[in-house]
Amino acid sequence: MNNNCILSDLSEERYVGPDILKFICAFFVVCIHSNMTGAYVQYFISVTRAAVPIFFMITGFFYGRTQQRNREILQIKKILRLAVSGSIFFFIWEVFVYCLAGDLDAYLANCFSLRSVLGFIFLNYTPICGHLWYLFAILYVLVIVYFAKRRNLMKVLYILTPFLLIGDQLLGSYSKFLFGLVLPRRFVRNFLFVGIPYFCIGDLIYRFRDKIFSIPHLNTKCSVLSVLFCITAVLERLFLVSKNACSLRDQGMSILFLSVSLFILFISVYKKRTPSVWESFAADIGRKYSSSIYIIHPVFIRIVNFLMKRIGIFDIYIHFSAVIIFAVTTASVIIFEKLKRSSLLTKH
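One structure accompanies this document, and this report is about it. (Residues numbered from 1 in each chain as written. Predicted model: local features only at pLDDT ≥ 70, side-chain atom pairs only at ≥ 80, totals over all residues. Heavy atoms only, no water.)

## Some thoughts on the environment of T66
At step 1: Inspection of the secondary structure assignment puts T66 in helix α5 (residues 63-68).
At step 2: The class of T66 is buried, set by a relative accessible area of 13%. (Helix = DSSP H or I, 4+ residues; strand = E, 2+ residues; numbered from the N terminus. Buried < 20%, exposed > 50% of the residue type's maximum accessible area, 1.4 Å probe, protein only.)

Structure below.
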């Protein structure tokens, strides 16, 4: 994720840039969920919101290769397995946690209420554990795209993309500022307002990659734009805070432009130079383990938070909790995967 190879057949070469982005975005997701505290943390979190859009864009960008290999159904089945297994695991985990807290009845009532079931079906709302919405959203997107490609309806999705992105802003980040309404995240944080448009953006970048990557001084331009949109993302947050108009959905319009500029930058940079040892290490983790890190990290947030409170250093730890949780989660995932592979090899 050599210049000519990257502009030709996706099946011929691995893109290092998107793999490194997966590593970075996995860390960003941990930052979002780790409840770090500090004077400027919320403004940093405004920038990390680019993580999930980039994940969708990566899937869209590589969908051409998935089609070349006739692996569309296999990809859908893989995501379905991840979504189902992740849901089962977290249901058992949350039942255990709520049992300890003595609040299991309320959790079960919320999980199986009609409102939750309908929210799950139509909006990817996952009462079992909130972050799993992404897996079901990408599953919905892949199914929709699968049928759209076969019926030559992708142009419809491309046309809908800007309207869905606008809808995300109107009903999400700016709903309170514009309409005085604070809507639940699930109304826009789903396959429709996030999944489809960002997938389509990634797909379009792939379709027009020859023109995009032939732009003069592309790396410099994307670097400048990335910094600029990091600044505007923070300014958006400052503006909404000053107006007392922050909504539950805090992914401002700058995230769209930041995600695109970062995505193009990472592809462009790593087609012109060989990654360093550390960059290759990050790419390897991003390629092999980013999905597992995304799925399992909430467990380690709870475990590490609990341990730090027991040790008595929670007030210090919470200022850089994301770094520790990411490191612990990554190390645990790598160890588990290696043990699993070793066990399978032993059986054979």
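We are not done yet, so read on.
## Some words on a positive patch on the surface
At step 1: A contiguous patch of positive charge on the surface is contributed by R69, R71, K77, K78 and R81.
At step 2: Within the element layout of this structure, K77 appears in helix α6 (residues 72-101).
At step 3: By relative accessible area, K77 is classed as partly exposed at 44%. (Patch = residues over 30% accessible without salt bridge, like charges linked within 9 Å, V, L, I, M, F, W, Y side chains within 5 Å. Areas by Shrake-Rupley, 256 points an atom, 1.4 Å probe, with all protein chains shown as cover. Salt bridge = Lys/Arg side-chain N within 4 Å of Asp/Glu carboxyl O. Lys, Arg positive; Asp, Glu negative; His and termini not counted. Charge placed at Lys NZ, Arg CZ, Asp CG, Glu CD.)

## Section: the packing of aromatic side chains
At step 1: Counting across every chain of the model gives 28 aromatic pairs.
At step 2: Considering the side-chain rings of F56 and W133, the 6.3 Å spacing of their centres and the 40° angle between planes classify their relative orientation as tilted. Linking F56 in helix α4 (residues 51-61) with W133 in helix α9 (residues 133-150), this pair joins segments that are 77 residues apart in sequence.
At step 3: Residue W133 is classed as buried on the basis of its relative accessible area of 5%.
At step 4: Three or more aromatic residues joined by ring pairs make a cluster, and in this case those are F23, F27, F28, F44 and F326.
At step 5: Over the ring of Y125 we find R186, and its NZ or CZ is 4.8 Å from the ring centre.
At step 6: Positioned over the ring face of F314 is K309, at 5.0 Å from the centre of the ring. (Phe/Tyr/Trp six-rings, centres within 6.5 Å; stacked < 30°, edge-to-face > 60°. Lys NZ or Arg CZ within 6 Å of the ring centre and 35° of its normal.)

## Section: the pattern of salt bridges
At step 1: Taken as a whole and judged by the stated rule, the model has 10 salt bridges.
At step 2: The partner of R237 in a salt bridge is D250, with the nearest N and O atoms 3.9 Å apart. Note that R237 is positioned in helix α14 (residues 218-242) and D250 in the loop between α14 and α15 (254-269), a separation of 13 residues in sequence.
At step 3: Residue R287 is joined to D284 by a salt bridge in which the shortest nitrogen-to-oxygen separation is 2.8 Å. Of this pair, R287 and D284 are both found in helix α16 (residues 277-311), three residues apart, which corresponds to roughly one turn of the helix.

## Overview of the environment of S113
At step 1: Tracing the chain through its elements places S113 in the loop between α7 (104-111) and α8 (114-123).
At step 2: The exposure class of S113 is partly exposed, given its relative accessible area of 22%.

## Quick notes on the layout of surface pockets
At step 1: In this structure, the second largest pocket spans a volume of roughly 1,000 Å³.
At step 2: What lines the second largest pocket is a set of 39 residues, among which I32, H33, H131, R185 and R189 lie closest to the centre.
At step 3: Listing elements by their share of the lining of the second largest pocket, those giving two or more residues are α2 (16-33), α3 (41-48), α4, α6, α7 and α16.
At step 4: Sort the elements by how many residues they give to the lining of the second largest pocket and α16 lands first, with five residues.
At step 5: Of the residues assigned to the lining of the second largest pocket, the class counts are 21 nonpolar, 10 polar and eight charged. (1 Å grid on protein atoms, 1.4 Å probe; cavity = no way out; pocket = protein on both sides within 12 Å on 5 of 7 lines; lining within 4 Å. Points joined across faces, edges and corners; volume = space filled by probe spheres on them. Nonpolar A, V, L, I, M, F, W, Y, C, P; charged D, E, K, R; others polar.)

## Side note on the packing of α6 against α16
At step 1: One way to put it is that α6 packs onto α16 with a least axis distance of 9 Å and a crossing angle of 20°. Here α6 lies roughly parallel to α16, going by the angle between them. Two packed elements cross with a definite hand, and for α6 against α16 that hand is left-handed. Only I295, I296, P298, V299, R302 and I303 of α16 make contact with α6, whose side of the interface consists of L82, G86, F89, F90, W93, E94 and V97.
At step 2: Looking at the contact of α6 with α16 residue by residue, the class counts come to 10 nonpolar, one polar and two charged. (Axes fitted to C-alpha atoms, helices over the stretch in contact; angles between N-to-C directions. Parallel < 35°, antiparallel > 145°, perpendicular 65-115°, else oblique. Left-handed = near helix turned anticlockwise from the far one by under 90°. Contact = heavy atoms within 4.5 Å.)

## A few points about helix α10 (residues 154-173)
At step 1: Spanning 20 residues, α10 covers 28 Å between terminal C-alpha atoms, matching the ideal 28 Å at 1.5 Å per step.
At step 2: Burial in α10 covers these residues: M154, L157, Y158, T161, L164, L165, G167, D168, Q169, G172 and S173.
At step 3: Packing partners of the buried residues in α10 comprise α9, α11 (175-179), α12 (191-207), α14 and α15. (Expected span 1.5 Å × (residues − 1).)

## Some thoughts on the nonpolar core
At step 1: With 96 residues, the main nonpolar core has F56, F61, W133, Y134, Y198, I205 and F263 as its most contacted residues.
At step 2: Those residues in contact with Y134 that sit more than four places away from it in its chain are V52, F55, F56, T59 and Y294. (Core = buried A, V, L, I, M, F, W, Y, C linked by side-chain atoms within 4.5 Å.)

## Looking at unusual backbone geometry
At step 1: Residue N124 is not a glycine yet carries a positive backbone phi of 60°.
At step 2: With respect to the helices and strands, the residue N124 is situated in the loop between α8 and α9.
At step 3: Of note, the phi angle at N244 is positive, near 50°, even though the residue is not glycine.
At step 4: Its place among the elements puts N244 in the loop between α14 and α15.
At step 5: Classification of N244 by relative accessible area gives exposed; the value is 58%.

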